[in-house]
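Chain and residue survey
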Amino acid sequence: MDIDTDELRSSLTPREENSAIKSYQNTVSVVCPACGEPFEDLVVCKENPTSLNLSKQLDLCVGVDEGKAYIFTHQ
Ligand SMILES: [Zn+2]
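Just so it is clear, the model here is predicted, and its values are computed rather than measured.

**Concerning the pattern of salt bridges**
Two side chains with opposite charge may pair up if their charged atoms get near one another. Applying the stated criterion across every chain yields a total of two salt bridges. A salt bridge links K22 to E17, with the shortest nitrogen-to-oxygen separation between them at 3.5 Å. Here K22 falls in the partly exposed class, since its relative accessible area comes to 23%. With a closest N to O distance of 2.7 Å, K46 and E17 form a salt bridge. Note that K46 is positioned in the loop between β3 (41-45) and β4 (59-65) and E17 in strand β1 (residues 13-17), a separation of 29 residues in sequence. Here the salt bridges do not stand alone but share partners, grouping E17, K22 and K46 into one network.

Dropping the structure here:
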């Protein structure tokens, strides 16, 4: 999968960052590069491996760019 991460970062609103992950909220309905539907949030994993503690059940799409995992969440 080819992800234009520069474009994603410039379009999305940064929300949370810690040593393991950085998350962005998709406030402008950017479409997911995996499934073509607008996604809710993007989580970028900065460490490998990384655990995600999801508080709700979500549909996820995943891509990798430059060794980082990009997780797109859908409600
Ligand atoms: Zn998707």
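Moving on from the model shown.
**Observations regarding unusual backbone geometry**
Cis geometry is adopted by the peptide bond preceding P49, which originates at N48 and carries an omega value of 0°. Phi at S29 takes a positive value of approximately 55°, unusual for a residue other than glycine. The topology assignment puts S29 in the loop between β2 (21-25) and β3. Look at E66: it is not a glycine, yet its phi comes out positive at around 50°. Relative to the helices and strands, E66 is located in the loop between β4 and β5 (68-74). Overall, E66 belongs to the exposed group, its relative accessible area being 76%.

**A closer look at a negative patch on the surface**
Residues D2, D4, D6, E7 and E66 make up a contiguous surface patch of negative charge. By secondary structure assignment, the location of E7 is in helix α1 (residues 5-11).

**Some words on the coordination of the zinc ion**
Around the zinc ion, the protein contributes the donor atoms C32 (SG), C35 (SG), C61 (SG) and H74 (NE2), which lie 2.1 to 2.4 Å from the metal centre. Seen from the zinc ion, its four donor atoms lie at angles of 99 to 116°, and the figure they make is tetrahedral. Spacing between the donor residues of the zinc ion along their common chain follows C-x2-C-x25-C-x12-H. With C35 in the loop between β2 and β3 and H74 in strand β5, the pair connects residues that are 39 residues apart, well separated along the chain. According to the relative accessible area criterion, C35 is partly exposed, its value standing at 39%. A residue is classified by how much of its surface remains accessible, and H74, at 9% relative accessible area, is buried.

What counts and what doesn't
Residues numbered from 1 in each chain as written. Predicted model: local features only at pLDDT ≥ 70, side-chain atom pairs only at ≥ 80, totals over all residues. Heavy atoms only, no water. Salt bridge = Lys/Arg side-chain N within 4 Å of Asp/Glu carboxyl O. Buried < 20%, exposed > 50% of the residue type's maximum accessible area, 1.4 Å probe, protein only. Helix = DSSP H or I, 4+ residues; strand = E, 2+ residues; numbered from the N terminus. Patch = residues over 30% accessible without salt bridge, like charges linked within 9 Å, V, L, I, M, F, W, Y side chains within 5 Å. Areas by Shrake-Rupley, 256 points an atom, 1.4 Å probe, with all protein chains shown as cover. Lys, Arg positive; Asp, Glu negative; His and termini not counted. Charge placed at Lys NZ, Arg CZ, Asp CG, Glu CD. Donors = N, O, S within 2.8 Å, 3.2 Å for Na, K, Ca; no water. Tetrahedral: all angles 85-135°; square planar, octahedral: opposite > 155°, others 65-115°.

That's the geometry; what it means functionally is another story.
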